[in-house]
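Spelled out, the chains give:
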Amino acid sequence: MAVAGVLLKRSVSVIPVLGVVALIAFMLLRFASGDPVAQLAGDNADPAAIAAIRARLGLDQPLAMQFLNWLWRMLHGDLGTSIVSGQPVTALIAQRVGPTVAVSITTIVFSVVVGVPIGVLAAWRRGGWLDRFAMWTSVTGFAVPTFAIGYFWIYLLSMQFGLFPVQGYVPLSDGLGLFLWHLTLPTLTLSLVYIALIARVARTSMLEVLSEDFVRTARAKGLPERIVVFKHALRNAAVPIVSIVGIGIALLIGGVVVTESVFNLPGLGRLVVDSVLARDYPVIQGVIVVFGSAYVAINLLVDLSYSFFDPRISQQ
Amino acid sequence: MFNDFSRRSLLKAGAAGLAAGMMPRIARAQSGKVIRAVMHAPLRATDPVINTAWTGRNHGLNIYDTLFSTDSKFQIRPQMVDTYEVSADKLTYTFKLRSGLKFHDGAPVTSADVIPSLQRWAKRDTMGARMMTFVAELKPVDERTFQLVLKSPYGQVLQTLAKPSSIMPFIMPARLAAQPPEQPVTEFVGSGPFRFVTSEFRPGSRAVYERNADYVSRDEPSDGLAGGKIVKIDRYEWISMPDFQTAANALINKEIDFLEAAPHDMLPSLIAAKDVTVADYNPLGFMSVVRMNWLSEPFNKQEIRQAVMYASDQADWLDAQVGNPDYYQASAAMFGVTTPLASEVGWNTKPDIARAKDLLKKGGYKGEKAVMLQGTDSPLLSGSSTVTAQKLRAIGMNVEVQTMDWGSLLARRVKQDSTANGGWSMTHWVTTTTELMNPLASTVLDTRGKTGGFFGWPEDTEIESLRNKFALETDAAAQKTVAEAIQKRAYDVMTHIPGGQFKQPVSHSKALKNIVTAPAPLFWNVEKTA
Amino acid sequence: MSAITVSAPTSSINIRAFAGRLLRNRTVLFGLCILVLLALISIFASWLWTVDPAAIKPRLRLRPPSAVNWLGTDNLGRDIWSRLVYGSRVSLVVGGSVAFIAVALGSLLGLIAGMVRWIDNVLMRMMDGMMAIPAILLAIALIGGLGPSITTICIAIAIPEIPRVARMVRSVVLTVREEAYVEAAVSMGTRLPVLMARHIVPNIMAPLIVQATYIASSAILIEASLSFLGIGMPDEIPSWGNMMSDARLYFQVRPGLMLFPGICIALTVLGINRLGDGLRDMLDPRLARSVGGPK
């Protein structure tokens, strides 16, 4: 099948998934015990005022109507208006998307740059000190709550050594140095689990590839070990590594929510936690849809990238 | 863990080299003087007339102005008003605005703005609504003069216009004041000393104010919420930080200048920090309150409500909330310990378990479940709830603690249903003493019951008639006597249980000078050196 | 890419030999030791705590370790040692019940999807949609709606795990169905329950057990994160997660308040993960490939 055909087919298959995401996002808080309207109306509001607000927000309509209305407007790029702050949800998301994307990208890049070589080297010298060290680091990385890791870095690198700011986000437009300087600790915090994951996957898939015939052939031909390992073997081990990057996005976003709180990054994770606490339905729905779509899109890209790393897959 | 100094300094040197490459300078180049402040909560809802949260009021104090203000000695002083006179029959108040007052959009402040602002506000505020029941007419006389005409004399007109607690009578332009009071204003135009920078507002994360160069200040020095409001900085950024530890570290690291409410257990490390001052600018402090729901079992019975009080020990609550006795004081005073109406009548703040058990029996308690709503956001809310739950179990009550974040709690406590249908029985609440110091403004003493009252919905005609008496009384000594009677009655019927008073010192950078002592964090008059 | 092998149809597990292999595997042994210790602690908790873990003495708050309070007291004067001991129960309950709910419901959905073609499509699209929403966001929103209690927290953590289990079970069922011996059995008229009992269940058990250990350990961590975000276990139920989260304010005064429960969480998660890794390698070496969960 042609590449364009694959692209089209995969893209179309994503639509029902997005529909389900929207439905879940919409239904999630409809069974909630707290009433956002009562909260919004304040302590002294009378029932008439509450009813007026309910009508203004369209919350008095049947659920199905509310859902269809919301879906229809969403298709036109309108995610509704925040109940609490009165601002458009798209604007709120646009304000908050920067820090989340920034810390996600730095984490992925950093984790791949660190995790893949660790995994490869661990596989290459299987059972050696690096292998064992990597194994135990990854096992520990999985076992400590993210916020505790964050506190550790703050305590060590900010409060003791004074190297990095303890909190805050500076947009890239204020300068690359400042931007990265503020993102260092969040990235270190988030990437520990991710490095562990990538290193483990890289190690196992490398182990498998290293025992295959073509690697033996390459070695037999007298190619330098460096080239055997990093060029021949790694390329063939890349598919599971790339796929774990895709799967890991969900894990990453989970970590981002906590990390944003520890380092006070005004991102989407914090927005969604705050909105849940304030029962701000439109914002929660909007952010969940955005996260869901991002996840779907990234996995689509990962799927498509397989054909780059492994031509056999695209011929299926 | 990190005591290996030689290795540590080695590491430090290495890492410093690494970080230096990407670190331009610690201090960010900023034009002008900026104060970065972390408040007890972020600004989300912005209409100070709709939202009872202090955040709404504090936001309002920056960008709006009021006709009158309360100074640090509880005296009422004109603010936007230049001169005023009261007719001999005490029925007509004539106010004249100061000249040169301008809204942020450049329009002058006129009587036509003031009147709709007051009307909109009075629909939401209990003290305002009460005053309006006495008001026959609010009418403009000329551009800067207007009259408030009463049907019968009312002693609290100026107190109401100067009320320092939540839902203050802020003056907005007529076009914004024309909005129905259920609908929040979305344009932030006032005549206050700061302008709101709408383009930089990130609800829940950051609100930015800049100096209003056109503000015409009074000549008197700042005094409480009253007096001159001269802004000596260029910008003030209200930043949210969900984590207290992060905020305290940020202050020590000089990333922020002001931290409104560091938990008391963190104060020692902040006091020890080199460039941080820990000081109290709100001498009235805060009070905690236990509120029970009069509408549902078991607290629909007076004896059972009283049993809760006699099972309680204020010192235990305060230890759980604050911990350090330097910052708290047990007291029965419902109107604040140091306020003009302070009185210790009604309770000795100590437990009397035998009496509690006896009252429980008298009230015919049969094990009905009491649902306690526990807010988890702050140690001020969560600790004392756990204490109460245990004390009540100890006297044989059936208590179910339901933990939730503050937002959920707010949504939950307005429910009047029975506990079986999602209602509630009791909850702890913390508020500023300012909110409680006046029996008319104090929402916990609103005893109009289910229809107009505050959550908990106590109903008592005697307290209501005493409050009316207080409202009409003009003599301070007589007012105090009435207030004492209200307190005594409130303890009898148990509108609420006062949980004691505590101070919440502010932590700020040593570079900040001349912070105003007032029941709200204020950023006029403050200077930032270096 | 199917990472799941199908063992021979006649494989009958020799329990004694298997147990012997288990105990010779150092990874499994390490994990098992920790878990058994934890289970013993939580079973005999009432003999191990010195003080009632719920007893509040605000006047004795934040005390250093003493003869009465072996590890000191927390901000309400509660005994930390007793709370840690009691917290082991909570962690085991959270880990265990989340794994159970997720595995039980996930297998059921996976079996249905694998067996009934027309449901398969709908169900799998639902599962894809759920998987697209980050687990912690789904849990936060669910708890925001249901209110935090030990039951709702377990359910909220379990629900996002269901799709992963369902997908895995479905893929095993689909693979098994295509095996020649199963097709033969179907054509000979073997009934569905028999088919399942004889061919499908034995093939699913290994990956399911491994999956369950990962779910259990991540549940314990997610519970801690939820406490940190302010929507975790009620204060009255001492969980290591909410102990750690509460301790943030007192970190400077009593670092132990955060350290002790932190160590407990790390050790427990470590133990469960090692057990899972070891079992995975033993039960099905080829499974090792799909370490991050089935793709």
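What you see as residue numbers is a count from 1 along each chain, following the sequence as written. The naming scheme follows written order: chains are lettered A onward, ligands numbered 1 onward. Only residues with pLDDT of 70 or above have their local features reported here, since the model is predicted, and side-chain atom pairs are shown and tallied only from 80 upward, although totals for entire chains, interfaces and linings are computed over all residues. Hydrogens and water are ignored here; the side-chain numbers use all heavy atoms of the structure.

1. Re the overall build of chain B
Okay, step 1: Secondary structure elements are taken from DSSP: a helix is a run of H or I of four residues or more, a strand is a run of E of two residues or more, and numbering for both begins at the N terminus. Counting its secondary structure elements, chain B contains 16 helices and 21 strands.
Okay, step 2: Compactness check: chain B gives a C-alpha radius of gyration of 25 Å against a globular reference of 24 Å for 530 residues, within 12% of the reference.
Okay, step 3: Projected onto its principal axes, the C-alpha positions of chain B cover 75 × 70 × 40 Å.
Okay, step 4: When accessible area is computed with a 1.4 Å probe and restricted to protein chains, residues below 20% of their type maximum are described as buried, those above 50% as exposed, and intermediate ones as partly exposed. Across the 530 residues in chain B, those meeting the buried criterion constitute 61%.
Okay, step 5: When contacts within chain B are restricted to residue pairs at least 6 apart in sequence, long-range pairs at least 24 apart make up 72% of them.
Okay, step 6: The protein chains shown are the only cover counted for residues, whose accessible areas, like all others here, come from Shrake-Rupley with a 1.4 Å probe. For chain B, the computed accessible surface area is about 19,300 Å², with 52% contributed by carbon and sulfur atoms.
Okay, step 7: All tallies of charge rest on Lys and Arg as positive and Asp and Glu as negative; His and the ends of each chain are not included. A charge is said to be at NZ when it belongs to Lys, at CZ for Arg, at CG for Asp and at CD for Glu. Considering chain B, the positive charge centre built from 60 side chains and the negative charge centre built from 55 side chains are found 3 Å apart. Our radius of gyration is a C-alpha quantity, and the globule rule it is checked against amounts to 2.2 Å times the number of residues to the power 0.38. What makes two residues a contact is simply this: any of their non-hydrogen atoms within 4.5 Å.

2. Re unusual backbone geometry
Residue and element names in this part refer to chain B.
Okay, step 1: The amide bond that connects Glu297 to the next residue, Pro298, takes the cis arrangement and shows omega of 0 degrees.
Okay, step 2: Along the chain, Pro298 turns up in the loop between strand 13 (286-292) and helix 9 (302-311).
Okay, step 3: The phi dihedral of Met494 falls on the positive side, at around 65 degrees, and the residue is not glycine.
Okay, step 4: Note that Met494 resides in the loop between helix 16 (476-493) and strand 18 (497-502).
Okay, step 5: Given a relative accessible area of 0%, Met494 falls into the buried group.

3. Considerations on the pairing of strand 4 (residues 81-86) of chain B
Residues and elements named next belong to chain B.
Okay, step 1: Strands are labelled as partners when DSSP assigns at least two bridges between them. As judged from the five bridges shared by strand 4 and strand 5 (residues 92-97), these two strands associate in the antiparallel manner. From the neighbouring strand, Thr83 faces strand 5, where its bridge partner is Lys96.
Okay, step 2: In this structure, the hairpin formed by strand 4 and strand 5 is closed by a connection of five residues, where Lys90 is found at a positive phi of approximately 60 degrees.

4. Overview of the interface of chain C and chain A
Okay, step 1: Each side of the interface is counted separately: chain C has 43 residues, and chain A has 49 residues.
Okay, step 2: Buried area: the accessible surface (1.4 Å probe) lost by two parts on joining, summed over both. Carbon and sulfur atoms supply 78% of the area that chain C and chain A bury against each other, a total of about 3,800 Å² over both sides.
Okay, step 3: The term salt bridge refers to a side-chain nitrogen of Lys or Arg lying within 4 Å of a carboxyl oxygen of Asp or Glu. The interface formed by chain C and chain A contains one salt bridge.
Okay, step 4: In this structure, Arg200(A) engages Asp277(C) in a salt bridge whose closest nitrogen and oxygen atoms are separated by 2.9 Å.
Okay, step 5: A 3.5 Å cut-off defines polar contacts: any pair of N or O atoms within that distance qualifies, except that in protein one atom must be a possible hydrogen donor and the other a possible acceptor, and neighbouring residues in sequence count only when both atoms are side-chain atoms. Summed over the shared surface of chain C and chain A, the number is one residue pair in polar contact (both at pLDDT 80 or more).
Okay, step 6: At the level of elements, helix 5 (117-132), helix 6 (135-146), helix 10 (192-228) and helix 12 (256-283) of chain C are the ones that each hand at least two residues to the side of chain C that touches chain A.
Okay, step 7: The element contributing the most residues to the side of chain C that touches chain A is helix 12 of chain C, with nine residues.

5. Some details on the sheet that holds strand 7 (residues 145-150) of chain B
Residue and element names in this part refer to chain B.
Okay, step 1: Read across the sheet, four strands follow the order 4-5-7-6 without closing on themselves; strand pairing throughout is antiparallel. Each edge of the open sheet carries a strand with a single partner, namely strand 4 and strand 6 (135-140). The mean angle between the axes of side-by-side strands here comes to 15 degrees, regardless of whether they run parallel or antiparallel.
Okay, step 2: Pairing of strand 6 with strand 7 involves five bridges; the strand directions are antiparallel. Fitting a line to C-alpha atoms yields each axis, with helices limited to the stretch in contact; the angle taken between N-to-C directions then spans 0 to 180 degrees.

6. Re the pairing of strand 13 of chain B
All names here are of chain B.
Okay, step 1: Taking burial as the measure, the seven residues of strand 13 include seven buried ones, the bulk of the element.
Okay, step 2: Neither face of strand 13 is open: one carries Phe286, Ser288, Val290 and Met292, the other Met287, Val289 and Arg291, and all of them are buried.
Okay, step 3: Taken together, the seven bridges between strand 13 and strand 17 (residues 426-432) define a ladder with antiparallel strand orientation. If you follow Val290 over to strand 17, its bridge partner there is His428.
Okay, step 4: Sheet topology places strand 13 next to strand 18; four bridges connect them, and they run antiparallel. Bridge pairing in strand 18 links Met287 to Gln501.

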